[in-house]
Amino acid sequence: MPTSPDLSADIGEILLTEDEIQAKVAELGERISADYAGKHLTLVSVLKGSLPFMADLMRAISIPVRIDLMEVSSYGGTATESSGLVRILKDLSASIADEDVLIVEDIIDTGLTLNYLIRYLRGKSPASLRICTLLDKPARRLVDIPVDYTGFTIPDQFVVGYGLDYGEIYRNLRFVGVLRREVYASGAEG
Amino acid sequence: MTGEAAPSFAHASEAEMARILDFYGIRWEYEPHTFPILWNLEGGVVESFSPDFYLGDLDLYLEMTTLRQRLVRKKNRKLRRLRELYPDVRIKLFYARDFRALMLKYGKLALADALTGSAGQAGPRDVDVEDPTVAIEPEPVVVPAVQPATASATITGPAPATAARRRRRRRSTQRANQAAMMTPDRSGND
């Protein structure tokens with residue numbers, strides 16, 4: 001949990017500044033606008049971490065787009081009980097059949113959640129299904145997933161901000177930073 | 001593995017990984033294949049490697065190494081041999097730091113501390129006895145005389161020594177799981 005009312009005090013290093021993020025989002029928006037010109041594009045964002053990225057990216061895209069939101073449960077098992085299976089907490093609001101779908105992710109690390117989502121969305125018969133992520137952390141990858149649009153490839157560090165959280169906090173930081181180890185180490189002891 | 005009886009895991013972190021894979025619908029098998037990696041002059045297998053998990057859908061082996069440093073070094077050596085002999089086999093090594101990062105991502109860092117290192121593994125006697133290669137370190141002479149250079153070696157069933165190793169593992173797993181459950185906030189010493 002935060003060690004200070006000032007969230008930035010818990011950040012050991014700013015990895016990506018607000019300006020760097022916005023410049024990259026604008027660049028991605030231009031590429032996506034060009035690639036999908038004349039098509040029916042639906043952006044599918046995965047709550048909650050990708051909300052800021054989605055909000056900025058959709059405004060950086062110049063062609064008509066639909067947006068939709070999904071939320072899936074995250075793993076939270078313990079040593080003593082089964083945590084069951086991943087669940088769709090919020091499904092798409094509209095059909096994506098024959099639509100060109102672009103999944104908008106905040107970060108891809110293990111690829112486990114995204115792998116599940118891809119399988120799920122493919123079952124809804126989109127015309128195409130591609131992936132856009134702001135951050136890619138390949139060092140943690142378990143499931144190899146081809147990513148079509150990548151903002152930044154980042155080192156193997158625990159990052160927060162711009163939608164990314166630790167214990168649901170830090171999402172509202174305007175930059176992406178490395179969380180100081182003491183913050184989560186103290187949480188583990190508690 | 002969903003729907004089948006869980007195997008006896010050698011380490012509590014492996015059981016946790018199995019739960020994570022189940023959660024995300026990734027099919028897995030526990031130590032289904034044994035790869036010979038060292039032969040004596042008569043062509044007998046003197047050392048083999050059984051990766052912890054095989055993820056059939058991804059054609060990927062996963063080896064967990066949340067163990068003491070000495071054993072990690074040994075496992076790294078085995079992995080190098082495996083990659084030399086079986087270049088087409090895709091395997092990912094999952095170190096203690098990887099496991100901790102995964103648990104941090106899921107807000108379960110305290111659980112990682114309980115499951116890594118000595119708290120989650122078999123006792124020293126079990127570990128030393130279970131793997132005879134400890135006794136022949138430093139590096140044994142590699143004699144791939146009988147095995148074809150490409151080692152397209154059909155993946156075999158467990159080597160003779162593996163059955164006894166598994167019996168010891170079964171005994172130690174229950175003990176390891178109990179330790180993890182009894183000491184949820186204990187720091188690991190990996």
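Higher on the page you've got the structure.
A few words on the overall build of chain A. Of the regular secondary structure elements, chain A holds four helices and nine strands. Taken from N to C terminus, the helices and strands of chain A fall in the order β-α-β-α-β-β-β-α-β-β-β-β-α. The C-alpha radius of gyration of chain A comes to 17 Å, within 12% of the 16 Å expected for a compact globule of 190 residues. On the principal axes, the C-alpha backbone points of chain A span a range of 50 × 45 × 25 Å. Taking all 190 residues of chain A together, the buried fraction comes to 49%. Considering only residue pairs separated by 6 or more positions, chain A has 67% of its internal contacts joining residues 24 or more positions apart. Carbon and sulfur atoms provide 50% of the accessible area of chain A, an area that totals close to 8,500 Å². Charged side chains of chain A number 19 positive and 28 negative; the gap between the two group centres comes to 4 Å.

The subject of this paragraph is the interface of chain B and chain A. Each side of the interface is counted separately: chain B has 30 residues, and chain A has 33 residues. Summing both sides of the interface, chain B and chain A together bury roughly 2,800 Å²; the carbon and sulfur share of this comes to 62%. When the buried area of chain B at its contact with chain A is split by residue, B:Phe23, B:Tyr24 and B:Leu104 rank highest and sum to 28% of it. Between B:Arg90 and A:Asp144 there is a salt bridge whose closest N-O contact spans 2.6 Å. Breaking the side of chain B that touches chain A down by element, the ones donating at least two residues are helix H1 (12–23), strand E5 (60–65), strand E6 (91–95), helix H3 (96–105) and helix H4 (109–115) of chain B. Class assignment for the residues of the side of chain B that touches chain A results in 17 nonpolar, one polar and twelve charged.

What follows covers the sheet that holds strand E8 (residues 159–160) of chain A. Residue and element names in this part refer to chain A. Across the sheet, which stays open at both edges, the three strands sit in the order E1-E9-E8 with antiparallel pairing between neighbours. Each edge of the open sheet carries a strand with a single partner, namely strand E1 (11–16) and E8. Of the strand pairs in this sheet, E8 and strand E9 (residues 176–179) are connected by two bridges, and their pairing is antiparallel. Bridge pairing in E9 places valine 160 opposite glycine 177.

In this structure, E1(A) lies alongside E9(A), joined through four bridges in antiparallel fashion. By the bridge assignment, A:Leu16 is partnered in E9(A) with A:Val176.

Turning to the packing of H1(B) against H3(B), a few remarks are in order. When two helices pack together, their arrangement is given by the angle between their axes and by how far apart the axes lie. Residues and elements named next belong to chain B. Where H1 meets H3, the axes come as close as 12 Å, and the angle between the chain directions of the two elements is 50 degrees. Classified by the angle their axes make, H1 and H3 are oblique. Note on packing geometry: the crossing formed by H1 with H3 is left-handed. On the side of H1, the interface is formed by Ser13, Glu16, Met17 and Ile20, while H3 contributes Phe99, Leu102 and Met103. Among the residues forming the contact of H1 with H3, the class breakdown is five nonpolar, one polar and one charged.

All names here are of chain A. Under the definition given, this model contains 22 salt bridges over all chains. Linking arginine 174 and glutamate 18 is a salt bridge whose minimum nitrogen-to-oxygen distance equals 2.9 Å. Pair noted here: arginine 174 is in the loop between E8 and E9 and glutamate 18 is in helix H1 (residues 18–35), with a separation of 156 residues, a long-range link. Judged by relative accessible area, which is 31%, glutamate 18 ranks as partly exposed. When salt bridges that share partners are traced, they join Lys48, Asp165, Glu168 and Arg171 into one network.

Looking at where A:Glu105 falls in the secondary structure, it is placed in strand E5 (residues 100–108). For the buried A:Glu105, no salt bridge exists, and the shortest N-O distance to an oppositely charged side chain is 8.1 Å, to B:Lys105.

Take the sheet that holds strand E4 (residues 53–55) of chain B next. All names here are of chain B. Read across the open sheet, the four strands follow the order E1-E4-E5-E6; overall the sheet is mixed. Edge positions in the sheet fall to strand E1 (29–30) and E6, since each of these pairs with one other strand and no more. Looking at chain direction, E4 and E5 are connected through three bridges and run antiparallel. The residue of E5 that forms the bridge with tyrosine 54 is tyrosine 61. Its contacts with the sheet put H3 on E5 and E6, and the angle it makes with E6 is roughly 75 degrees.

Let us now look at the nonpolar core. Soluble globular proteins tend to bury their nonpolar side chains together. Membership of the largest hydrophobic core comes to 44 residues, with the highest contact counts inside it found for A:Leu112, B:Tyr24 and B:Phe53. Listing elements by their share of this core, those giving two or more residues are strand E2 (41–46), strand E3 (65–72), E5 and helix H3 (112–122) of chain A together with H1, E4, E5 and H3 of chain B. Counting residues in each nonpolar core, the second largest holds 28 residues, with A:Val25, A:Leu41, A:Met54 and A:Leu102 among its members.

So, about the layout of surface pockets. Here the largest pocket is characterised by a volume of approximately 1,100 Å³. Forming the boundary of the largest pocket are 46 residues, of which A:Asp109, A:Phe158, A:Asp165, B:Lys105 and B:Tyr106 lie nearest the centre. Within the residue set of the lining of the largest pocket, elements represented by two or more residues are E3, E5, H3, E9 and helix H4 (181–189) of chain A together with H3 of chain B. Top contributing element to the lining of the largest pocket by residue count: H3(B), with six residues. The residue inventory of the lining of the largest pocket, partitioned by class, reads 21 nonpolar, ten polar and 15 charged.

About the thresholds
- Residues numbered from 1 in each chain as written.
- Chains lettered and ligands numbered in written order.
- Predicted model: local features only at pLDDT ≥ 70, side-chain atom pairs only at ≥ 80, totals over all residues.
- Heavy atoms only, no water.
- Helix = DSSP H or I, 4+ residues; strand = E, 2+ residues; numbered from the N terminus.
- Rg over C-alpha atoms; globule rule 2.2 N^0.38 Å.
- Buried < 20%, exposed > 50% of the residue type's maximum accessible area, 1.4 Å probe, protein only.
- Contact = heavy atoms within 4.5 Å.
- Areas by Shrake-Rupley, 256 points an atom, 1.4 Å probe, with all protein chains shown as cover.
- Lys, Arg positive; Asp, Glu negative; His and termini not counted.
- Charge placed at Lys NZ, Arg CZ, Asp CG, Glu CD.
- Buried area = accessible area lost by both parts, 1.4 Å probe.
- Salt bridge = Lys/Arg side-chain N within 4 Å of Asp/Glu carboxyl O.
- Nonpolar A, V, L, I, M, F, W, Y, C, P; charged D, E, K, R; others polar.
- Pairing = 2+ DSSP bridges.
- Axes fitted to C-alpha atoms, helices over the stretch in contact; angles between N-to-C directions.
- Parallel < 35°, antiparallel > 145°, perpendicular 65-115°, else oblique.
- Left-handed = near helix turned anticlockwise from the far one by under 90°.
- Core = buried A, V, L, I, M, F, W, Y, C linked by side-chain atoms within 4.5 Å.
- 1 Å grid on protein atoms, 1.4 Å probe; cavity = no way out; pocket = protein on both sides within 12 Å on 5 of 7 lines; lining within 4 Å.
- Points joined across faces, edges and corners; volume = space filled by probe spheres on them.

On their own, these measurements won't tell you what the molecule is for.
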